[in-house]
Protein chains: 2
Amino acid sequence: MNSNDTTAIHISEPKAHTKGKAAAAAAPAVVSVTTKASQHPQAGWKRGVAIFDFILRLCAIGAALAATITMGTTDQTLPFFTQFFQFQASYDDLPAFTFFVIANAIASGYLFLSLPFSIVSIVRPNAVGPRLLLLIFDIVMVALTTAAAAAAAAIVYLAHNGNSSANWFAICQQFTDFCQRVSGAVVGSFIAAAIFILLVVLSAFALRKH
Amino acid sequence: MNSNDTTAIHISEPKAHTKGKAAAAAAPAVVSVTTKASQHPQAGWKRGVAIFDFILRLCAIGAALAATITMGTTDQTLPFFTQFFQFQASYDDLPAFTFFVIANAIASGYLFLSLPFSIVSIVRPNAVGPRLLLLIFDIVMVALTTAAAAAAAAIVYLAHNGNSSANWFAICQQFTDFCQRVSGAVVGSFIAAAIFILLVVLSAFALRKH
């Protein structure tokens, strides 16, 4: 505790120096001496977090993009039809699946755009701005991908099991291929949501004061 | 503000005295000089954030509890029946609604348990531990309440509109009261999710370094 107290005082000293403009030339030497011991291991740790953040974003791109493409290209037409049933299933028949495709496409696009900010965090581990910006958007993406995955999961569950109370019949006996692909897409979106949660927690840890 | 600052410094001084045994006796004077200008207005700002955090939690309790109770007590039996249809609707007929009730009950319980930690943040605005703990659990609750609301919303949409592709019929013509109450509960859960997102953003701002 004693050594911490003294470094804290040493760090605050150069700040006071730089505010006074004339004496600022001597300050950097003091900074380098005091920060070599206390600041840089922390910066290294934060850089590690930023690199992990970048890798997680690449994984999330994979998950969100796979979910989007899987759901978006799913289209099954059965080789028979009657006059009562329309035996063709695609994602845009169900609004929940359409929302799923749009939400995951937005998440994928956001992840691509967030990569430069993640790189800035690697280069400048102590920068607060990019981390805070990414954290806020990441939380929104947690909500978006979770909502998409949960809505699609509710419909997929219904398609698999049906519901006797509401008199909704299971359609997965007919549309086996459709149901399997949609279920896979839902899993992909839940994985993306979990990675976003992890990204927010990492950013919060990197942002906290010591 | 100035009188507040000096009292805060007087409180921190004896702490340093008791911890630092021999050489720390001279340090508190230096600390008080440097912090008088920079640290304590920030503490006031952080206390304001903590109080706002507490109020938001109370609002979220209201929203989550209202959603839970509305959905949990919804039970409509129609005054006629046939041998094909079961004209009784309650939340446990549909797994998505059961999940909704459980998730919102968990969110309400968590919010009650989080109030003491929020109070700790008000009393000690610079404490990092409680804020970080609340932030991590808040993110999980964002995902939980959003998932519950989205899954229930997908089913409610289906109940209102039906789906011709899957041959699922709208049931809200019969169960008008049921559908109205369920829709209200979904709105309550989305409000709770939005408040959780706001809480995470607030915590992140309060946690960041300056």
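Small disclaimer: the values here were computed from a predicted structure and weren't measured.

### Concerning the overall build of chain A
Thinking step 1. A count of helical and extended segments in chain A gives five helices and two strands.
Thinking step 2. From first element to last, N terminus to C terminus, chain A shows the α and β order α-α-β-β-α-α-α.
Thinking step 3. Counting over 210 residues, chain A shows a buried share of 46%.
Thinking step 4. A separation of at least 24 residues holds for 77% of the contacts in chain A among residues at least 6 apart in sequence.
Thinking step 5. Of the accessible surface of chain A, which amounts to about 10100 Å², a share of 70% is contributed by carbon and sulfur atoms.

### Some details on the pattern of salt bridges
Residue and element names in this part refer to chain A.
Thinking step 1. Under the definition given, this model contains four salt bridges over all chains.
Thinking step 2. With a shortest N-O distance of 2.8 Å, arginine 57 and aspartate 53 are connected by a salt bridge. Of this pair, arginine 57 and aspartate 53 both sit in helix α2 (residues 27–72), four residues apart, which is roughly one turn of the helix. Aspartate 53 shares its class with arginine 57; the two are buried.

### Let's talk about the nonpolar core
Thinking step 1. Phe97 and Trp168 of chain A together with Phe97 and Trp168 of chain B are the most contacted members of the largest nonpolar core, which totals 58 residues.
Thinking step 2. The set of elements that each furnish at least two residues to this core consists of α2, α3 (95–123), α4 (129–161) and α5 (176–207) of chain A together with α2 (27–72), α3 (95–123), α4 (129–161) and α5 (176–207) of chain B.

### Describing the confidence of the model for chain A
Thinking step 1. Confidence along chain A averages 78 in pLDDT terms, with 74% of residues attaining 70 or more.
Thinking step 2. Long-range and interchain partners of residues 1–38 of chain A, a stretch whose pLDDT sits below 50, account for 18 contacts in this model, where long-range means more than four residues apart.

### A few points about the packing of aromatic side chains
Thinking step 1. Taken as a whole and assessed by the stated rule, the structure comprises nine aromatic pairs over all chains.
Thinking step 2. On the numbers, 6.3 Å between centres and 70° between planes, the contact of phenylalanine 175 of chain A with phenylalanine 178 of chain A is edge-to-face. The burial state of phenylalanine 175 of chain A is the same as that of phenylalanine 178 of chain A; both residues are buried.
Thinking step 3. Aromatic pair tyrosine 110 of chain B and phenylalanine 196 of chain B: ring centres 6.2 Å apart, planes at 35°, arrangement tilted. Here tyrosine 110 of chain B, found in helix α3, pairs with phenylalanine 196 of chain B, found in helix α5; they are 86 residues apart in sequence, far enough to count as distant.
Thinking step 4. Under the relative-accessibility criterion, phenylalanine 196 of chain B is labelled buried at 0%.
Thinking step 5. An aromatic cluster is defined as three or more aromatic residues linked by ring pairs; in this entry it consists of Phe97, Phe175 and Phe178 of chain A.

### Description of the UniProt feature "transmembrane region" (unreviewed entry) in chain A
Residue and element names in this part refer to chain A.
Thinking step 1. Here the UniProt-annotated "transmembrane region" (unreviewed entry) positions come out as residues 54–74, 94–120, 132–159 and 185–207.
Thinking step 2. Counting secondary structure, residues 54–74 comes out at 90% helix and 0% strand; the distance between its end C-alpha atoms is 30 Å.
Thinking step 3. Annotated as residues 94–120, this span is 96% helix and 0% strand, and its ends, taken at the C-alpha atoms, are 40 Å apart.

### A look at the side chain of serine 203 of chain A
Thinking step 1. Examined against the element boundaries, serine 203 of chain A turns out to sit in helix α5.
Thinking step 2. Once residues lying within four places of it in the same chain are set aside, the contact partners of serine 203 of chain A are Asp53, Arg131 and Leu135 of chain A.

### A short note on the packing of α3 of chain B against α5 of chain B
Residue and element names in this part refer to chain B.
Thinking step 1. Between α3 and α5, the least distance of the axes is 11 Å, while the angle of their chain directions is 40°. One finds that α3 runs oblique with respect to α5. Between α3 and α5 the crossing geometry is left-handed. Contacts from Phe97, Phe100, Asn104, Ala107, Tyr110 and Leu111 of α3 reach α5 at Phe178, Val182, Ala185, Val186, Ser189 and Phe196.

### Observations concerning a nonpolar patch on the surface
All names here are of chain A.
Thinking step 1. On the surface, Leu65, Ile69 and Phe112 cluster together into a nonpolar patch covering about 270 Å² of accessible area.
Thinking step 2. On the secondary structure map, phenylalanine 112 appears in helix α3.
Thinking step 3. What makes phenylalanine 112 partly exposed here is its relative accessible area of 45%.

### Some remarks on the state of the cysteines
Residue and element names in this part refer to chain A.
Thinking step 1. The full count for this structure, using the stated rule, is two disulfides over all chains.
Thinking step 2. With a sulfur-sulfur separation of 1.8 Å, cysteine 172 is cross-linked through a disulfide to cysteine 179. Across the S-S bond of cysteine 172 and cysteine 179 the torsion is about -85°, and the bridge reads as left-handed. Of the two residues examined, cysteine 172 and cysteine 179, each falls in the buried class.

### Focus: the side chain of serine 108 of chain B
Thinking step 1. As for its placement among the helices and strands, serine 108 of chain B is situated in helix α3.
Thinking step 2. In this structure, serine 108 of chain B is in contact with Ala64, Leu65 and Thr68 of chain B, ignoring residues within four places of it in sequence.

### Topic: α3 of chain B
Residues spaced three or four apart along an α-helix point in a common direction, a consequence of the helix completing one turn every 3.6 residues.
Thinking step 1. Between its terminal C-alpha atoms α3 of chain B stretches 42 Å, which fits the 42 Å expected from 29 residues at 1.5 Å a residue.
Thinking step 2. The largest bend in α3 of chain B comes to about 35°, at leucine 115 of chain B, with the proline proline 116 of chain B one to four residues further on.

### Comments concerning the environment of tyrosine 157 of chain B
Thinking step 1. Note that tyrosine 157 of chain B resides in helix α4.
Thinking step 2. The exposure class of tyrosine 157 of chain B is partly exposed, given its relative accessible area of 41%.
Thinking step 3. Each C-alpha atom of the pair tyrosine 157 of chain B and glycine 72 of chain B lies 19 Å from the other, and the pair is 85 residues apart in sequence.
Thinking step 4. Contacts of tyrosine 157 of chain B, omitting those with residues within four sequence positions, involve Pro95 of chain A together with Gly162 of chain B.

### Considerations on the environment of asparagine 163 of chain B
Thinking step 1. Inspection of the secondary structure puts asparagine 163 of chain B in the loop between α4 and α5.
Thinking step 2. A polar side-chain atom of asparagine 163 of chain B sits 2.9 Å from the main-chain carbonyl oxygen of aspartate 93 of chain A.

### Considering the environment of alanine 194 of chain B
Thinking step 1. One can find alanine 194 of chain B in helix α5.
Thinking step 2. When the C-alpha atoms of alanine 194 of chain B and aspartate 92 of chain B are compared, they prove to be 26 Å apart, with 102 residues separating the residues in sequence.

The rules behind these values
Residues numbered from 1 in each chain as written. Chains lettered and ligands numbered in written order. Predicted model: local features only at pLDDT ≥ 70, side-chain atom pairs only at ≥ 80, totals over all residues. Heavy atoms only, no water. Helix = DSSP H or I, 4+ residues; strand = E, 2+ residues; numbered from the N terminus. Buried < 20%, exposed > 50% of the residue type's maximum accessible area, 1.4 Å probe, protein only. Contact = heavy atoms within 4.5 Å. Areas by Shrake-Rupley, 256 points an atom, 1.4 Å probe, with all protein chains shown as cover. Salt bridge = Lys/Arg side-chain N within 4 Å of Asp/Glu carboxyl O. Core = buried A, V, L, I, M, F, W, Y, C linked by side-chain atoms within 4.5 Å. pLDDT = per-residue confidence, 0-100. Phe/Tyr/Trp six-rings, centres within 6.5 Å; stacked < 30°, edge-to-face > 60°. UniProt positions renumbered as here; feature names shortened; annotations may be inferred. Axes fitted to C-alpha atoms, helices over the stretch in contact; angles between N-to-C directions. Parallel < 35°, antiparallel > 145°, perpendicular 65-115°, else oblique. Left-handed = near helix turned anticlockwise from the far one by under 90°. Patch = residues over 30% accessible without salt bridge, like charges linked within 9 Å, V, L, I, M, F, W, Y side chains within 5 Å. Disulfide = S-S within 2.5 Å. Expected span 1.5 Å × (residues − 1). Bend = angle between axes of the 7 residues up to and from the residue. Polar contact = N/O pair within 3.5 Å; in protein donor to acceptor, adjacent residues only side chain to side chain.

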